[in-house]
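An overview of the molecular structure
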Amino acid sequence: MDTRLPHDEVVPFGASALTKKQQVETMFDRIAFRYDFLNRFLSGGIDIYWRKQAIIELKQVNPQLILDMATGTGDMAIMMNKQIQPEKIVGIDLSNGMLNIGREKIAKLGLAEKISMKQGDSEHIDFETGTFDAVSVAFGVRNYENLQKGLAEMLRVLKPGGKLVILEFSKPGKPMKWFYDLYMERICPMFGQFFSKNGDAYRYLNNSVKAFPQGSAFTGIMQETGYEKVYSRRMTFGICSIYCGYKKP
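Structural notes, computed from the coordinates.

Conventions we followed
Residues numbered from 1 in each chain as written. Predicted model: local features only at pLDDT ≥ 70, side-chain atom pairs only at ≥ 80, totals over all residues. Heavy atoms only, no water. Core = buried A, V, L, I, M, F, W, Y, C linked by side-chain atoms within 4.5 Å. Buried < 20%, exposed > 50% of the residue type's maximum accessible area, 1.4 Å probe, protein only. Helix = DSSP H or I, 4+ residues; strand = E, 2+ residues; numbered from the N terminus. Patch = residues over 30% accessible without salt bridge, like charges linked within 9 Å, V, L, I, M, F, W, Y side chains within 5 Å. Areas by Shrake-Rupley, 256 points an atom, 1.4 Å probe, with all protein chains shown as cover. Salt bridge = Lys/Arg side-chain N within 4 Å of Asp/Glu carboxyl O. Pairing = 2+ DSSP bridges. Axes fitted to C-alpha atoms, helices over the stretch in contact; angles between N-to-C directions.

Let us look at the nonpolar core. Judged by nonpolar contacts, the single largest core of 47 residues is most densely connected at Trp50, Met80, Ile115, Leu167 and Tyr202. Element by element, the count of residues in this core is highest for helix H1 (residues 20-43), at eight residues. Counting residues in each nonpolar core, the second largest holds 26 residues, with Leu151, Val157, Ile166 and Met222 among its members.

This is how it looks when you write it as structure tokens:
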């Protein structure tokens, strides 16, 4: 599947000659040292609640082998291990800077045998067809260079009957919209520049959320890609959404 969407054209550094994939890797390498702190700080810690809700969706299929795409520094993988206790979790990310921090966290927790971290690409997942019981993506599909190719690859590596759970930012409606727009357009980039010396990353966050297909638009893309029993739910006034779908048994 090679259909590109308007979302796919949104990049972190507009003037760069690099591909979106290369720009995303560079961006996360640059902010990796402050990524965990800024996640907690900018969300007021509510991102932990969102992740827990997504993991409850995963737990419904009792997965023993889980793929965590765009794993970053491993927060989602570590939380899944605690809540689900599967046999194995594999985390994949473009950014070695993020992965190296994740590996340190996992080693300190004594989880290196349970959670492995690999550099990889959402459009070319280096596993056999039908490998995983479940696939998760927390705040990562916005960064895919080709969203539909990434969705198709995740479907490929799922076992028949396996479940995909995506956690992603979305745009709230009234009465939150005015404050949300102010926060995303002004406050996030300001704090991102102050703490990570990279305001571009947080301007890109706002632009990519605005361009991302949401709600029924995104569940429709999932269905077109081949997922079944697709559904979504909005959380915290619509600031964040969970999207779920299954591979045909």
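This part covers a nonpolar patch on the surface. Judged by side-chain polarity, Trp178, Phe179 and Leu182 come together as a nonpolar surface patch covering roughly 350 Å² of accessible area. Assignment of secondary structure puts Trp178 in helix H6 (residues 177-196).

Strand order in the open sheet formed by seven strands is E3-E2-E1-E4-E5-E7-E6, with mixed pairing between adjacent strands. Both edges of this open sheet fall to strand E3 (115-119) and strand E6 (228-235), since each of them pairs with a single strand only. Going across the sheet, the axis of each strand differs from the next one's by a mean of 15°, ignoring polarity. Sheet topology places strand E1 (residues 65-69) next to strand E4 (residues 132-138); four bridges connect them, and they run parallel. Bridging from a neighbouring strand, Asp68 pairs with Ser136 of E4.

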